[in-house]
Amino acid sequence: MYSISETKRFRGEITVPGDKSISHRGIMLGSLAEGDTYLHGFLEGADCLSSISCFRKMGIEIERDGSEVTIHGKGLHGLKRPSEILDAGNSGTTTRLMSGILAGQDFSSTITGDDSLRTRPMKRVVVPLSEMGASIDSENGCLPMTIHGGSLHGIDYVSPVASAQVKSCVLFAGLFADGKTSVSEPAISRNHTELMLRGFGASVFTDEKKHFVQVEPEPVLRGQDITVPGDISSAAYFLAAGLICQDADILIKNVNTNPTRAGILKVIEQMGGKITYHNRRTVSGEDVADIEVMSSSLHGTVVSGDIIPALIDELPVIAVMAAFADGQTVIKDAAELRVKESDRIAVVTENLKAMGADITATDDGFIINGGRPLHGALIKTHKDHRIAMSFAVAGLGASGTTTFDDTGCVAISYPDFFDTLSQLTGKSLN
Ligand code: S3P
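What you are looking at is a predicted structure, and each value in this text was computed from that prediction instead of being measured.

1. Let's talk about the overall build of the protein
Logical step 1: When its secondary structure is counted, the protein shows 12 helices and 23 strands.
Logical step 2: Principal-axis analysis of the C-alpha atoms gives the protein an extent of 60 × 40 × 40 Å.
Logical step 3: Looking at the protein as a whole, 60% of its 430 residues qualify as buried.
Logical step 4: In the protein, once contacts between residues fewer than 6 apart in sequence are set aside, the share between residues at least 24 apart is 75%.
Logical step 5: Carbon and sulfur atoms make up 47% of the accessible area of the protein, which amounts to about 15300 Å² in all.
Logical step 6: Taken as two groups, the 39 positive and 53 negative side-chain charges of the protein have centres that lie 2 Å from each other.

Structure follows, in structure tokens:
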């Protein structure tokens, strides 16, 4: 069992693994493209490996040597009926994005997943895909789900949630439809699908002010050479730790700073955090920078509204930062946190309270009165990778020792997380 103790010195230079969202999309679009697609810096996390395994089961040859991946695409209509159930493991992204592709196939297929994924809502993709003409069997809108694909109609879908998974699912189905397909959402969610679809040669129209995206059907997608930037959701833990530890100066190289993902950087500035950007550049259509972060005196803030989708996965670690900040932080409009790998509103509250923080859960977020000294506790991760990593950060700033009931879950998105953490603390963690 890992344990973490209070740490002041936190110094060094690191890179974080490849972006999870981009890695998934690279596998999927590479499979639907004609010719080979090369992914450099692919995330070797369990979620992205689930995407590889599902597309292999549909006849796509995918070679992987660490983070170097080659996909031998078979074109838009090249997938084969899988002879087995498609197992998405813990991965909501694999499930929801792949559902859109499966809806456009002239075969039936079944997707399932682990205990956590089988409780997560799939009605949000069943509704638009059914409207497009797919027939889907699922029990109570959860996995396992059998998709009877076929001829699809283009639709104009007004999504009730700002969700890149829903948006991407509908856009992917739209590639197989008989006319244009559009999605409008209540706020802009991450736009990697739109960027990558264009890169592969699809015709995509976006109106950012209206949170609107439209795709034309039947594109010829061509294999691409893609360099996957470092995942800001993984960098977030080190950014937070750098701000909290009292003697910190770290450089995180090659981080994706796409504005539809990088809301945490704005929140850090709002809270008085010291960050500096170096070497800003564009890599494979995505904004990238090296980010330096130093110990800072943080103060409370309000995180709400349209920025929420741009930092949804970072809210657990933002809550941890808020516990170390002076004054009150209010996080609202984030009810989606309740349907992630765990109910992150309940689980963050439970664990921060165990460490002595003043936090109240609300229906759609938290109210945190920061600045109370935290102490070590036993963290219950609920096998949620982002909870384990967020509370490793909390443990660095808390007195005493913080232990975890499970840390294996970090392999979902960041298998080497604890090694990188000990590189920066200079301490072995177990
Ligand atoms: C993701 C979208 C987000 C995010 C998830 C990855 C994606 O989910 O939480 O980790 O790659 O599209 P929602 O679309 O459900 O908000």
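Back to the text.
2. Topic: the packing of aromatic side chains
Logical step 1: In total, this model carries seven aromatic pairs according to the counting rule given.
Logical step 2: Note on Phe404 and Phe418: the rings are 6.4 Å apart at their centroids and 70 degrees apart in plane angle, and the pair reads as edge-to-face. Of this pair, Phe404 sits in strand S23 (residues 401–404) while Phe418 is found in helix H12 (residues 417–425), placing the two residues 14 residues apart along the sequence. Summarising the burial analysis for this pair, Phe404 and Phe418 share the class buried.
Logical step 3: When the ring centre of Tyr277 is taken as origin, the NZ or CZ atom of Arg280, which lies over that ring, is 4.2 Å away.

3. Digging into the site of the ligand
Logical step 1: By nearness alone, every residue bordering the ligand is listed as Lys20, Ser21, Arg25, Thr93, Arg96, Ser163, Ala164, Gln165, Arg190, Ile312, Asp313 and Lys340.
Logical step 2: Between Arg25 and the ligand, the recorded distance is 2.7 Å, taken from a side-chain N or O atom to an oxygen atom.
Logical step 3: With respect to the ligand, the backbone of Ala164 contributes an N or O atom lying 3.0 Å from an oxygen atom.
Logical step 4: Burial of the ligand by the surrounding chains reaches 95%, relative to a free accessible area of 380 Å².

4. Topic: the sheet that holds strand S5 (residues 68–74)
Logical step 1: Reading across the sheet, the four strands line up as S4-S5-S3-S14 and stay open at both edges, with mixed pairing between neighbours. Where the open sheet ends on each side, the last strands, each with one partner, are strand S4 (61–65) and strand S14 (225–227). Each strand of the sheet is rotated relative to its neighbour by a mean of 15 degrees, with strand direction disregarded.
Logical step 2: Examined bridge by bridge, strand S3 (residues 34–40) and S14 share three bridges and lie parallel to one another. Paired with Leu39 across the two strands is Ile226, which belongs to S14.
Logical step 3: Helix H1 (residues 20–32) contacts S3, S4 and S5 of the sheet and is inclined by roughly 35 degrees relative to S5.

5. Focus on the nonpolar core
Logical step 1: Phe10, Phe238, Leu315 and Phe417 are the most contacted members of the largest nonpolar core, which totals 75 residues.
Logical step 2: It is helix H7 (residues 232–244) that contributes the most residues to this core, 10 residues altogether.
Logical step 3: Every residue in contact with Phe238, bar those within four places of it in the chain, is listed here: Phe10, Ile14, Val16, Ile250, Ile252, Val293, Tyr414, Phe417, Thr420, Leu421 and Leu424.
Logical step 4: Ala33, Ile71, Val161 and Met196 belong to the second-largest nonpolar core, a separate cluster that totals 64 residues.

6. Concerning the side chain of Thr146
Logical step 1: Among the secondary structure elements, Thr146 is positioned in strand S9 (residues 142–148).
Logical step 2: By relative accessible area, Thr146 is classed as buried at 19%.
Logical step 3: Looking at Thr146, its side chain comes within polar contact range of the side chain of Thr110, at 2.8 Å.
Logical step 4: In contact with Thr146, other than residues within four places in its own chain, are Ser109, Thr110, Ser135, Ile136 and Asp137.

7. With respect to the pairing of strand S15 (residues 247–256)
Logical step 1: Pairing between strand S2 (residues 9–15) and S15: seven bridges, direction parallel. Residue Arg11 lies in a different strand from S15, and its bridge partner there is Asp249.
Logical step 2: Both S15 and strand S17 (residues 286–294) contribute to a ladder of six bridges, which runs antiparallel. Opposite Asn256, over in S17, you have Val288 as the bridge partner.

8. Considering the side chain of Asn191
Logical step 1: Checked against the element boundaries, Asn191 lands in the loop between strand S11 (181–184) and helix H6 (192–200).
Logical step 2: Residues within four places of Asn191 in sequence aside, it is in contact with Lys167, Asn258 and Thr260.

9. Quick word on helix H2 (residues 46–57)
Logical step 1: Counted at 1.5 Å a residue, the expected span for H2 with its 12 residues is 16 Å, and the 16 Å between its end C-alpha atoms agrees.
Logical step 2: Against the buried residues of H2 lie H1, S4, strand S6 (86–87) and helix H3 (92–103).
Logical step 3: One or two steps after H2, the chain reaches Gly59, where phi turns positive at roughly 90 degrees.

Definitions and limits used
- Residues numbered from 1 in each chain as written.
- Predicted model: local features only at pLDDT ≥ 70, side-chain atom pairs only at ≥ 80, totals over all residues.
- Heavy atoms only, no water.
- Helix = DSSP H or I, 4+ residues; strand = E, 2+ residues; numbered from the N terminus.
- Buried < 20%, exposed > 50% of the residue type's maximum accessible area, 1.4 Å probe, protein only.
- Contact = heavy atoms within 4.5 Å.
- Areas by Shrake-Rupley, 256 points an atom, 1.4 Å probe, with all protein chains shown as cover.
- Lys, Arg positive; Asp, Glu negative; His and termini not counted.
- Charge placed at Lys NZ, Arg CZ, Asp CG, Glu CD.
- Phe/Tyr/Trp six-rings, centres within 6.5 Å; stacked < 30°, edge-to-face > 60°.
- Lys NZ or Arg CZ within 6 Å of the ring centre and 35° of its normal.
- Near = heavy atom within 4 Å.
- Polar contact = N/O pair within 3.5 Å; in protein donor to acceptor, adjacent residues only side chain to side chain.
- Pairing = 2+ DSSP bridges.
- Axes fitted to C-alpha atoms, helices over the stretch in contact; angles between N-to-C directions.
- Core = buried A, V, L, I, M, F, W, Y, C linked by side-chain atoms within 4.5 Å.
- Expected span 1.5 Å × (residues − 1).

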